[in-house]
Amino acid sequence: MTKRIFIAGHNGMVGSALVRKLAEQDDVELICQSRQELDLTDQRAVADFFQSNQIDQVYLAAAKVGGIMANNSYPAEFIYQNLMMASNIIHSAHLADVNKLLFLGSSCIYPKLASQPMQESELLTGYLEPTNEPYAVAKIAGIKLCESYNRQYGRHYRSVMPTNLYGPNDNFHPQNSHVIPALMRKCHEAKLDNAEEVVIWGTGKPMREFLHVDDMASACVHVMNLEQQSYQDATEPMLSHINVGTGVDCTIAKLAQTMVEVVGFKGQLRFDTEKPDGAPRKLLDISRLKTLDWQADISLEEGLAATYQWFLANQQMIRS
């Protein structure tokens, strides 16, 4: 029987990876709406969409995302838009009797000084990283929305918390992007300009974990399709989210050096220590996911090389 699956945010990095992954299945009909076709922050529009379409599953990958500068510059937009999208989609899915939904969060839900590697139980145990607190609060609310509808209505709404993601269709904006696409673009343009150096925010000492978006899509489909008993055995009703990562991290300095090698930049790296570092370390404990028989396949070096080839092949789209 064909499943009608709505991917909210299908044009984004994660959403497009989900499209690629789910398109491999013969029993799936993908339902996608562009931002122009459906404003996910519009409660009435989202409710009407769900009532007009017989949806079997929802992947909630839509989000307003950005790096440290974007989060610092637009905190109101980050909290409002992400809260509204999560609330509208989860509630409207319930009203339309959609029983299966997967909410995609972020590792920034955990406290700034959480024990490392970060277990799911670290949620709500301390202060959040100030630079992305509004975004994190919205993602925490999404988890609790899913749990609340499960507890009250018996829904199968699940949440996955990815580590730092990268890959095709990432945002390569020089100011508003995350560390990997920002660094890739900087190194690429420096190579073209024969520049002597590339400047990187912070000290280079923070530790970060990175997951290729195709691995993330694979994990999402895996978690969505778990038998309910398996999901319940691995989680708790009010601590139901699942970390998704590689279990391996590296310093920003190491990442930068790897990027230089992938791109072929011949100059030097300089770290601007006047700029903020963010959290000192962010490594996810992926024990819960491992018990559910999933692990990442793509190494950082392999993933960066593939992403750079995509970047080179899509220069016109990236600049527009």
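Residues numbered from 1 in each chain as written. Predicted model: local features only at pLDDT ≥ 70, side-chain atom pairs only at ≥ 80, totals over all residues. Heavy atoms only, no water.

Asks: I tried to follow the sheet that holds strand β8 (residues 207–208) on my own but got confused; where do I start?
Replies: Read from one edge to the other, the open sheet built from three strands follows the order β11-β8-β13, with strand pairing classed as mixed. The outermost strands of the open sheet, each flanked by one partner alone, are β11 (250–251) and β13 (281–282). Here β8 pairs with β11 via two bridges, running antiparallel. In the sheet register, R208 faces β11, and the bridge partner there is C250. (Pairing = 2+ DSSP bridges. Helix = DSSP H or I, 4+ residues; strand = E, 2+ residues; numbered from the N terminus.)

Asks: I'm lost on the packing of aromatic side chains in this one. Help?
Replies: In this description, an aromatic ring pair is defined by two values, namely the gap between the centres and the angle between the planes. Following the criterion strictly, the structure yields nine aromatic pairs and no others. With a centroid separation of 6.1 Å and 20 degrees between ring planes, the pair formed by F172 and W310 is classed as stacked. Of this pair, F172 sits in the loop between β6 (164–166) and α6 (179–192) while W310 sits in helix α11 (residues 300–313), and the two are 138 residues apart along the sequence. On the basis of relative accessible area, F172 is assigned to the buried category, the value being 4%. (Phe/Tyr/Trp six-rings, centres within 6.5 Å; stacked < 30°, edge-to-face > 60°. Buried < 20%, exposed > 50% of the residue type's maximum accessible area, 1.4 Å probe, protein only.)

Asks: What is the right way to look at the pairing of strand β5 (residues 156–162) in this model?
Replies: Remember that side chains alternate between the two faces of the sheet whenever the strand is regular. Most of β5 sits out of view: six of its seven residues are buried. Viewed along the sheet, the connection from strand β4 (residues 100–104) through helix α5 (residues 133–153) into β5 turns out right-handed. (Right-handed = clockwise from strand over helix to strand, strands pointing away.)

Asks: Looking at this structure, how should I read the side chain of H212?
Replies: Note that H212 resides in strand β9 (residues 210–212). Overall, H212 belongs to the buried group, its relative accessible area being 5%. One polar contact links the side chain of H212 to the main-chain amide nitrogen of D214, over a distance of 3.0 Å. (Polar contact = N/O pair within 3.5 Å; in protein donor to acceptor, adjacent residues only side chain to side chain.)

Asks: I would appreciate a short explanation of the sheet that holds strand β1 (residues 3–8) in the present structure.
Replies: The sheet built from six strands is open, its strands ordered β2-β1-β3-β4-β5-β10 with parallel pairing. This sheet does not close on itself; its edge strands, each paired only once, are β2 (28–31) and β10 (242–244). Taken over all neighbouring pairs, the strand axes of this sheet differ in orientation by 25 degrees on average, direction set aside. Relative to β4, strand β3 (residues 57–60) runs parallel, the two being bridged by four bridges. (Axes fitted to C-alpha atoms, helices over the stretch in contact; angles between N-to-C directions.)

Asks: Whenever I open this one, unusual backbone geometry confuses me. Can you help?
Replies: Most peptide bonds adopt trans geometry, and most residues besides glycine take a negative phi value. Between Q116 and the following residue, P117, the backbone shows a cis peptide bond with an omega angle of -10 degrees. Looking at where P117 falls in the secondary structure, it is placed in the loop between β4 and α5. The phi dihedral of L124 is positive, around 65 degrees, even though this residue is not glycine. Its location among the elements puts L124 in the loop between β4 and α5. Phi is positive for N169, close to 70 degrees, though the residue is something other than glycine. With respect to the helices and strands, N169 occurs in the loop between β6 and α6.

On their own, these measurements won't tell you what the molecule is for.
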